[in-house]
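Analysis of the macromolecular model
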Amino acid sequence: METEERVLLDEQAIRRALTRVSHEIIEKNKGIEDCILVGIKTRGIYVAERLAANISRIEGKDIPVGTADITLYRDDLSHQTESADPELKGTDIPITIHDKKIILVDDVLYTGRTVRAAMDAVMDLGRPSQIQLAVLIDRGHRELPIRPDYVGKNIPTSKEEVIAVKLKEADKTDEVTIRQKN
C-alpha cells in the first residue's frame with residue numbers, strides 16, 4: 001500500500017523561509033561580526049550555504065561557513081546493526097571558533113540528538129562565545145532540552161510521520177514533504 005506524500009513547502013516557500021531566517025540572524029546578532037555558520041552534514045550544509053548567500057547579499061560582506069560531521073558524536077553508534085565503521089567526512093570550520101558566535105544549521109530539528117552531537121563536535125574545536133541554532137523545519141518531539149533560535153517553518157507532526165527535505169544540491173528539486181511511516 002502506497003502512502004501519500006504531501007508537499008508542505010515548495011521552492012518559493014523554502015526561499016522565503018530562508019530569506020526571513022537570514023534577516024533574523026543579522027538582526028539578533030546586530031550584523032554578522034564574529035559569526036560563523038556551521039552546517040550539519042548533509043543537508044544542513046546546503047541550508048547554511050544558502051543562508052550565507054542571502055546574508056552576503058543583504059550585508060554586502062561574506063560570513064564564514066563551516067561543516068560539522070557528527071558521525072563520531074552520535075549516541076546511537078553502538079546500536080547500529082552494520083558492522084562497518086562509520087564513514088567520516090570531517091568537521092571543517094575555516095577560521096578559529098574561539099570567542100565567535102557559532103550558528104549551527106540543520107534541515108530538520110526533531111529529537112535534538114543531532115544538534116547535541118554537533119555541539120560536541122564544535123566544542124572539541126574550541127570555545128565559542130555562544131552557539132545558536134537555525135533550522136529549516138522544526139517538527140517537535142524533543143528528547144533533549146534543545147530549542148532553535150531561528151526556524152524556517154514549524155510543522156507539528158506525529159511520530160508516525162516522516163518529514164523529507166529535498167534540496168537541489170542533493171535531490172535536484174526543492175521541497176519539503178510529509179508522509180506516514182510505512
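Per an unreviewed UniProt entry, the protein chain is named Bifunctional protein PyrR, and its organism is Alteribacillus bidgolensis. As its UniProt record puts it under Sequence similarities (unreviewed entry), the protein chain is described as follows: "Belongs to the purine/pyrimidine phosphoribosyltransferase family. PyrR subfamily."

Right, let's get into the sheet that holds strand 7 (residues 161-166). Taken together, three strands build an open sheet; the order of strands is 1-8-7 and the sheet is antiparallel. A single partner strand is all that each edge strand has here, and the edge strands are strand 1 (6-9) and strand 7. Within the sheet, the average angular offset between the axes of one strand and its neighbour, ignoring direction, is 30°.

With that out of the way, let us pick up the sheet that holds strand 4 (residues 101-109). Read across the sheet, five strands follow the order 3-2-4-5-6 without closing on themselves; strand pairing throughout is parallel. Both outer strands of the open sheet, strand 3 (65-68) and strand 6 (150-154), are each paired with one neighbouring strand and no more. Across the sheet, the mean angle from the axis of one strand to that of its neighbour is 25°, orientation sign disregarded. Note that strand 5 (residues 130-138) and strand 6 share four bridges and pair parallel. Each residue of the ladder has a partner; that of aspartate 138, found in strand 6, is asparagine 154. Relative to the sheet, helix 2 (residues 43-59) contacts strand 2 (35-40), strand 3, strand 4 and strand 5, its axis offset from that of strand 2 by approximately 150°.

A word on helix 1 (residues 11-28). Here helix 1 is 18 residues long and its end C-alpha atoms lie 26 Å apart, about the 26 Å a rise of 1.5 Å per residue gives. Among all positions of helix 1, only Ala13, Ile14, Ala17, Leu18, Val21, Ser22, Ile25 and Ile26 are buried. Remark: lysine 30 follows helix 1 within two positions and exhibits a positive phi of approximately 50°.

Ile25, Leu37, Leu51 and Ile137 are the most contacted members of the largest nonpolar core, which has 31 residues in total. With seven residues, helix 1 is the largest single contributor of residues to this core. Setting aside its immediate chain neighbours within four residues, leucine 37 contacts Ile25, Ala48, Leu51, Ala52, Ile55, Ile63, Pro64, Val65, Gly66, Ile103 and Val105. Formed by 18 residues, the second largest nonpolar core is a distinct cluster that contains Val38, Ile97, Ala117 and Val135.

On inspection of all chains with the given rule, the structure shows 12 salt bridges. Taking the shortest distance from any N to any O, the salt bridge between aspartate 34 and lysine 100 comes out at 3.6 Å. Of this pair, aspartate 34 sits in the loop between helix 1 and strand 2 while lysine 100 is found in the loop between strand 3 and strand 4, placing the two residues 66 residues apart along the sequence. Between aspartate 138 and arginine 142 there is a salt bridge; the shortest N-O distance is 2.9 Å.

Moving on: the pairing of strand 7. Side chains Glu161, Ile163 and Val165 project from strand 7 onto a buried face, and the interleaved Val162, Ala164 and Lys166 project onto a face without burial. In this sheet, strand 8 (residues 175-180) lies alongside strand 7 in antiparallel orientation, the contact comprising six bridges. Residue pairing in the sheet places isoleucine 163 in a bridge with isoleucine 178 of strand 8.

Thresholds, definitions, all that
Residues numbered from 1 in each chain as written. Predicted model: local features only at pLDDT ≥ 70, side-chain atom pairs only at ≥ 80, totals over all residues. Heavy atoms only, no water. UniProt positions renumbered as here; feature names shortened; annotations may be inferred. Pairing = 2+ DSSP bridges. Helix = DSSP H or I, 4+ residues; strand = E, 2+ residues; numbered from the N terminus. Axes fitted to C-alpha atoms, helices over the stretch in contact; angles between N-to-C directions. Contact = heavy atoms within 4.5 Å. Expected span 1.5 Å × (residues − 1). Buried < 20%, exposed > 50% of the residue type's maximum accessible area, 1.4 Å probe, protein only. Core = buried A, V, L, I, M, F, W, Y, C linked by side-chain atoms within 4.5 Å. Salt bridge = Lys/Arg side-chain N within 4 Å of Asp/Glu carboxyl O.

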